[in-house]
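Geometric and topological summary
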Amino acid sequence: MCLFQYDDESEPEEPVPAGSLIVPVRPGAEVLVRMFRTPLGARTAVGFTSPERLAAVLGPHHPWIRLSESVLRALAEPLGAAALTVDPTLTAPAVRTAPVPAPCRDAGPALRTA
């Protein structure tokens, strides 16, 4: 329930239910809902309002299922994703760590500084 209403307020204090969402999944023997991270690193569930919006962000062949907002929230909560992001416009590839270089074996004597 919104405690305050302002005529010039562009966004409501509380979001309205998103309804039916297109939810990205991981393919495999089991269908797993994909979790994402916000720019600040918090886990979030993601849903799109149309298959076209999902394709624009994740590619035309990304697998998806249709879920209601309440079901998506119920699936995401035990995984630590309290937030739900609807129609994100930008995603970044997963962070990959660089391989650690092997130590040099024939480095010679170590330099000492005084």
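Residues numbered from 1 in each chain as written. Predicted model: local features only at pLDDT ≥ 70, side-chain atom pairs only at ≥ 80, totals over all residues. Heavy atoms only, no water.

1. Concerning the overall build of the protein chain
Going by this rule: Secondary structure elements are taken from DSSP: a helix is a run of H or I of four residues or more, a strand is a run of E of two residues or more, and numbering for both begins at the N terminus. In this scheme, a residue with accessible area under 20% of its type's maximum is buried, one over 50% is exposed, and one in between is partly exposed, where area comes from a 1.4 Å probe on protein chains only. Throughout, a contact is declared for two residues whenever any of their heavy atoms are within 4.5 Å. Note on areas: Shrake-Rupley, 1.4 Å probe, and residue coverage restricted to the protein chains presented here.
Along the backbone of the protein chain there are two helices and six strands. A total of 114 residues make up the protein chain; the buried ones form 22% of that total. Sequence-distant contacts, at least 24 apart, represent 69% of the contacts inside the protein chain between residues at least 6 apart. Of the accessible surface of the protein chain, which amounts to about 9400 Å², a share of 58% is contributed by carbon and sulfur atoms.

2. Focus on the nonpolar core
Applied cut-off: Nonpolar core, defined: a set of buried Ala, Val, Leu, Ile, Met, Phe, Trp, Tyr and Cys residues in which side-chain atoms within 4.5 Å join the residues together.
With nine residues, the main nonpolar core is built from Leu 21, Val 23, Met 35, Ala 45, Leu 67, Leu 72, Ala 76, Ala 81 and Leu 84. Mapped by element, the contributors of at least two residues to this core are strand S1 (20–26) and helix H2 (69–76). Beyond its immediate sequence surroundings of up to four residues, Leu 72 is in contact with Leu 21, Val 23, Val 33, Ala 45, Val 46, Gly 47, Leu 67 and Leu 84. Counting six residues, the second largest nonpolar core, distinct from the first, contains Phe 36, Phe 48, Leu 54 and Leu 58.

3. What to know about the sheet that holds strand S5 (residues 64–68)
The condition is simple: By this definition, two strands are paired if DSSP reports at least two bridges between them. Fitted lines through C-alpha atoms serve as axes, helices being fitted only where they are in contact, and the angles separating the N-to-C directions of these axes extend from 0 to 180 degrees.
Taken in spatial order, the three strands line up as S2-S1-S5 in an open sheet, and their pairing is antiparallel. The open sheet is flanked by strand S2 (32–33) and S5, the only strands paired with a single partner. Bridge analysis of S1 against S2 gives two bridges, and the strand direction is antiparallel. Across the sheet, residue Val 25 finds its bridge partner in S2, namely Val 33. This element, helix H1 (residues 51–58), spans S1 and S5 of the sheet and lies at about 35° to S1.

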